Amino acid sequence: MEYAVVFQPELLCSPFYDTVQTQLVQPLQNGHLIFPRSISANHPVFPIIKEQFQNITNAFYRCSFSEQLEEFHDSLHINLFRASGNAIVGLADQLLIKASLLKIFAEFSSRQFFSQTEKSDDRRVETIKTTITYIRDHYQEKIYIRDLASLIGLNEQYFCRFFKKAIGMSPIEYLNEYRIRQAVRLLKDNSLPVTEICLDCGYNNMGNFLREFRKYTGTTPLQYRKHSQGTENSSL
């Protein structure tokens, strides 16, 4: 009998980039990385994967809607249990599910079970590097899509598709994410007024800045600063 956990890679996404995001989640999203087709029961890794699979199934069976699982038989569709605004699975179990998935991925990665569907295109990598370098050097300024597209000789529409396929987010989303990352750093490292940080990070409108900051951090700049300072004081 075969068992499967069906999920969207976005389940493991983070608003801030790390090697897991760039080397695992994005390639999975873009179809450049694929899972092993099967793992036999006599393989040394099988008991480890089975244990994590059971952790995931147990998390679902603890939820109040466990009778819905009967419809899915031996396949658990994780994305279907993440209804908008209505978390059917409890927070602790959601964390357990993510942790179990990451443990499975760690085993796959260490044993080189993932397969690449295509070799990386050096020219494409260099093109993306050029764009990202420009964003990081000029994030405090007004940046237009046409400016980024002209750097690599593409029209705006194709450039946006090209960038999103390579990075996993649009150029504007990446720019906003990077600006907010710099805002977080400033809030931690100094006592500049929020209005000044807003301007230093390339936002000319406080409303836009507050909206994007909450989108990526889940809180306001002042609340973030208060929390980060409180955490530092408690560790002294």
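This text goes with the structure placed above it.
Residues numbered from 1 in each chain as written. Predicted model: local features only at pLDDT ≥ 70, side-chain atom pairs only at ≥ 80, totals over all residues. Heavy atoms only, no water.

(A) Representation of the overall build of the chain in the model. For the chain, the count of helices and strands is ten helices and six strands. Long-range pairs, those at least 24 residues apart, make up 62% of the contacts in the chain with a sequence separation of at least 6. A total accessible area of about 14600 Å² is found for the chain, and carbon and sulfur atoms account for 51% of it. (Helix = DSSP H or I, 4+ residues; strand = E, 2+ residues; numbered from the N terminus. Contact = heavy atoms within 4.5 Å. Areas by Shrake-Rupley, 256 points an atom, 1.4 Å probe, with all protein chains shown as cover.)

(B) Local environment of helix H2 (residues 46-61). Taking 1.5 Å as the rise per residue, H2 with 16 residues should run 22 Å; its terminal C-alpha atoms sit 22 Å apart, in good agreement. Turning to H2, its buried residues number three or more, namely Ile-49, Gln-52, Phe-53, Ile-56, Thr-57, Ala-59 and Phe-60. One face of H2 carries all of its buried residues, which in axial projection span an arc of 155°. (Expected span 1.5 Å × (residues − 1). Buried < 20%, exposed > 50% of the residue type's maximum accessible area, 1.4 Å probe, protein only. Arc of directions from axis to C-beta.)

(C) View of the packing of helix H7 (residues 171-189) against helix H9 (residues 206-217). The interhelical angle for the contact between H7 and H9, taken along N-to-C directions, is 85°, at an axis separation of 10 Å. Comparing the axis directions of H7 and H9 gives the class roughly perpendicular. Along the contact surface, H7 presents Glu-173, Asn-176, Glu-177, Ile-180, Ala-183, Val-184 and Leu-187, while H9 presents Phe-209, Glu-212, Phe-213, Tyr-216 and Thr-217. Of the residues assigned to the contact of H7 with H9, the class counts are seven nonpolar, two polar and three charged. (Axes fitted to C-alpha atoms, helices over the stretch in contact; angles between N-to-C directions. Parallel < 35°, antiparallel > 145°, perpendicular 65-115°, else oblique. Nonpolar A, V, L, I, M, F, W, Y, C, P; charged D, E, K, R; others polar.)

(D) Representation of the packing of H2 against helix H3 (residues 91-110) within the structure. Viewed as axis vectors pointing N to C, H2 and H3 meet at an angle of 165°, and their least axial separation amounts to 9 Å. For the element pair H2 / H3, the angle class is roughly antiparallel. Crossing of H2 against H3: the hand is left-handed. Only Asp-93, Leu-96, Ile-97, Ser-100, Leu-101, Lys-103, Ile-104, Glu-107 and Phe-108 of H3 make contact with H2, whose side of the interface consists of Ile-48, Ile-49, Gln-52, Phe-53, Asn-55, Ile-56, Ala-59 and Phe-60. (Left-handed = near helix turned anticlockwise from the far one by under 90°.)

(E) Region of interest: the nonpolar core. Judged by nonpolar contacts, the single largest core of 18 residues is most densely connected at Leu-24, Ile-97, Leu-101, Phe-105, Phe-108 and Phe-114. Looking at this core, the elements with two or more residues in it are helix H1 (19-30), H2 and H3. Broken down by element, this core gets its largest block of residues, five residues, from H3. (Core = buried A, V, L, I, M, F, W, Y, C linked by side-chain atoms within 4.5 Å.)

(F) Examining the packing of aromatic side chains more closely. Under the criterion given, the structure shown has 13 aromatic pairs. For the ring pair Phe-35 and Phe-105, a centre distance of 5.5 Å and an interplane angle of 35° mean the geometry is tilted. Of this pair, Phe-35 sits in the loop between strand S2 (33-34) and H2 while Phe-105 is found in helix H3, placing the two residues 70 residues apart along the sequence. With 6.3 Å between their ring centres and 70° between their planes, Phe-35 and Phe-108 make a pair best called edge-to-face. Residue Phe-35 is located in the loop between S2 and H2, and its partner Phe-108 is located in helix H3; the two are separated by 73 residues in the primary sequence. According to the relative accessible area criterion, Phe-35 is partly exposed, its value standing at 35%. A network of ring pairs unites the aromatic residues Phe-35, Phe-105, Phe-108, Phe-113 and Phe-114 as a single cluster. (Phe/Tyr/Trp six-rings, centres within 6.5 Å; stacked < 30°, edge-to-face > 60°.)

(G) Main features of the side chain of Thr-131. With respect to the helices, strands and loops of the structure, Thr-131 is situated in helix H4 (residues 122-138). Accessibility expressed as a relative area gives 0% for Thr-131, which makes it buried. Setting aside chain neighbours within four positions, we find Thr-131 in contact with Leu-148, Ile-152, Phe-159 and Phe-163.

(H) Region of the structure containing the state of the cysteines. One pass over the structure, following the stated rule, counts zero disulfides. With no disulfide of its own, Cys-198 has Cys-201 as its nearest cysteine by sulfur position, at a separation of 7.9 Å. Relative accessible area serves as the criterion here: at 2%, Cys-198 is assigned to the buried category. (Disulfide = S-S within 2.5 Å.)

(I) Structural detail: unusual backbone geometry. Even without being a glycine, Gln-112 presents a positive backbone phi close to 55°. Topologically, Gln-112 is positioned in the loop between H3 and strand S6 (115-116). For Gln-112, a relative accessible area of 71% puts it in the exposed group.

(J) Expanded view of helix H6 (residues 156-167). With twelve residues, H6 extends 16 Å from end C-alpha to end C-alpha; this agrees with the ideal 16 Å at 1.5 Å per step. At the exit of H6 stands Gly-168, carrying a positive phi of roughly 95°.

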